[in-house]
Amino acid sequence: MTGAPNTPPRATTLEGYRYLAVSVVLFGGVWPVTKDALAHATPLWFAFNRCAMAAAVTLLLLAGMRRLRWPARGDIACILAIGLLQLGGFFALTHTALAFIPAGRMAILTNVTVFWLIPLSWWVLGERVSSPQWLAAAIGLLGVGVLMQPWTMTGGGATLDALPGYLMLLGSSLFWSLAILVTRRLPPRLPVMELLPWCFAIAALLLLPLALWREPAGGIGPPSWPHAAFIGAVAAPIGTWSTIEAGRRLSGIRASVGFLVVPALGVVISNLWLGEALGWDVLAGGGLIAASVVLAAKG
């Protein structure tokens, strides 16, 4: 019996699951590790180090594979979108937001691009959006609402104190969505994987003046350098690489569902390592956001 049209071959699918496993393991621990690191580091300097290290490692990896190439003019829009929005802007906001929000919630909320991407794809790109996809955006927004608990903010307290962090996360997911829209409208000539050194370098160039401006006395203390090395030299370059390769080898639905393990693992690690509570809002909000991603992929 032949496979369904456009179904990846079995060998390719198995490779995709291997890459997916690497991506999940590396990215699942990113936010708990970063949260712990910020006890002895400042957010923007840590984000700058993440991008600078990743730029160097991806450049060396591509050079070793003889795939390092200077980007063409047609690649510039993609490099700028990914470097400035999906990496630089995203990291600036998310790392700063960790001062306000637990790492487990962060791991969930960094996956809420769906409720930005679906309406923007319809409005900006003129793409047809199905009813299930509109429903997915609404469910994703509901999940964010459950995690933010706006009904508790009128009386002040810890929830209101966390509001700046939540707003930063919503902004970071908007940056990520805008980067996706740009790469859809102006796709690069080279594979995105071969653009990673330049994307990470652009992000580092954005974050350096921000760190000098906002954190002139900041930096990374000795206790946090092992965290910085893991995030910058391993998780960021190899995790991103694995994510791209998994996306190439797996169907959209399999990849979307598989990547949901990343925030789930982040929540578990945050609970076991950092002692963050698993309240009803974390479980319910995470479940709604996961459902929105699955529904959007199927729609």
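In case you missed it, the structure is sitting above this.
Residues numbered from 1 in each chain as written. Predicted model: local features only at pLDDT ≥ 70, side-chain atom pairs only at ≥ 80, totals over all residues. Heavy atoms only, no water.

A. Looking closely at the environment of G219. In this structure, G219 sits in the loop between α10 (196-214) and α11 (225-249). Residue G219 is classed as partly exposed on the basis of its relative accessible area of 22%. In the structure, G219 is positioned 178 residues away from A41 in sequence and 5.6 Å away in space, judged by C-alpha atoms. When residues no more than four places from it in sequence are discounted, the contact partners of G219 are H40, A41, T42 and W45. (Helix = DSSP H or I, 4+ residues; strand = E, 2+ residues; numbered from the N terminus. Buried < 20%, exposed > 50% of the residue type's maximum accessible area, 1.4 Å probe, protein only. Contact = heavy atoms within 4.5 Å.)

B. The arrangement of the packing of aromatic side chains in detail. The final tally for this structure, using the stated rule, is five aromatic pairs. A ring pair is formed by W70 and W198, whose centres lie 5.0 Å apart and whose planes are at 65°; its orientation type is edge-to-face. One end of the pair, W70, is in the loop between α3 (43-64) and α4 (76-97); the other, W198, is in helix α10, and 128 residues separate them in sequence. On the accessibility criterion, W70 (70% relative accessible area) is exposed. Lying over the aromatic face of W31, R50 brings its terminal NZ or CZ to 5.5 Å of the ring centre. (Phe/Tyr/Trp six-rings, centres within 6.5 Å; stacked < 30°, edge-to-face > 60°. Lys NZ or Arg CZ within 6 Å of the ring centre and 35° of its normal.)

C. Looking closely at the layout of surface pockets. Considering only enclosed or pocket space, the second largest pocket measures out at about 220 Å³ in volume. Forming the walls of the second largest pocket are 13 residues, and the residues nearest its centre are I108, P263, A264, G286 and G287. At the level of elements, α13 (261-273) and α14 (280-298) are the ones that each hand at least two residues to the lining of the second largest pocket. Looking at which element gives the most residues to the lining of the second largest pocket, the answer is α14, with six residues. Here the lining of the second largest pocket is composed, by residue class, of 10 nonpolar, three polar and no charged. (1 Å grid on protein atoms, 1.4 Å probe; cavity = no way out; pocket = protein on both sides within 12 Å on 5 of 7 lines; lining within 4 Å. Points joined across faces, edges and corners; volume = space filled by probe spheres on them. Nonpolar A, V, L, I, M, F, W, Y, C, P; charged D, E, K, R; others polar.)

D. Focus on the environment of P209. Inspection of the secondary structure puts P209 in helix α10. Taking C-alpha positions, P209 is 9.6 Å from F48, a pair spaced 161 residues apart along the chain.

E. Here's a closer look at the side chain of S270. Locating S270 in the fold gives a position in helix α13. If near-sequence neighbours (up to four positions away) are discounted, S270 is found in contact with P32, A103, G104, G275 and E276.

F. Broad picture of the pattern of salt bridges. Within the structure shown, the criterion is met by two salt bridges. For E194, the salt bridge identified is with R67, shortest N-O distance 2.9 Å. In this pair, E194 sits in the loop between α9 (163-185) and α10 while R67 sits in the loop between α3 and α4, placing the two residues 127 residues apart along the sequence. With a relative accessible area of 4%, E194 lands in the buried category. Notably, a salt bridge pairs E194 with R69, separated by 2.5 Å at the nearest N-O pair. Pair noted here: E194 is in the loop between α9 and α10 and R69 is in the loop between α3 and α4, with a separation of 125 residues, a long-range link. (Salt bridge = Lys/Arg side-chain N within 4 Å of Asp/Glu carboxyl O.)

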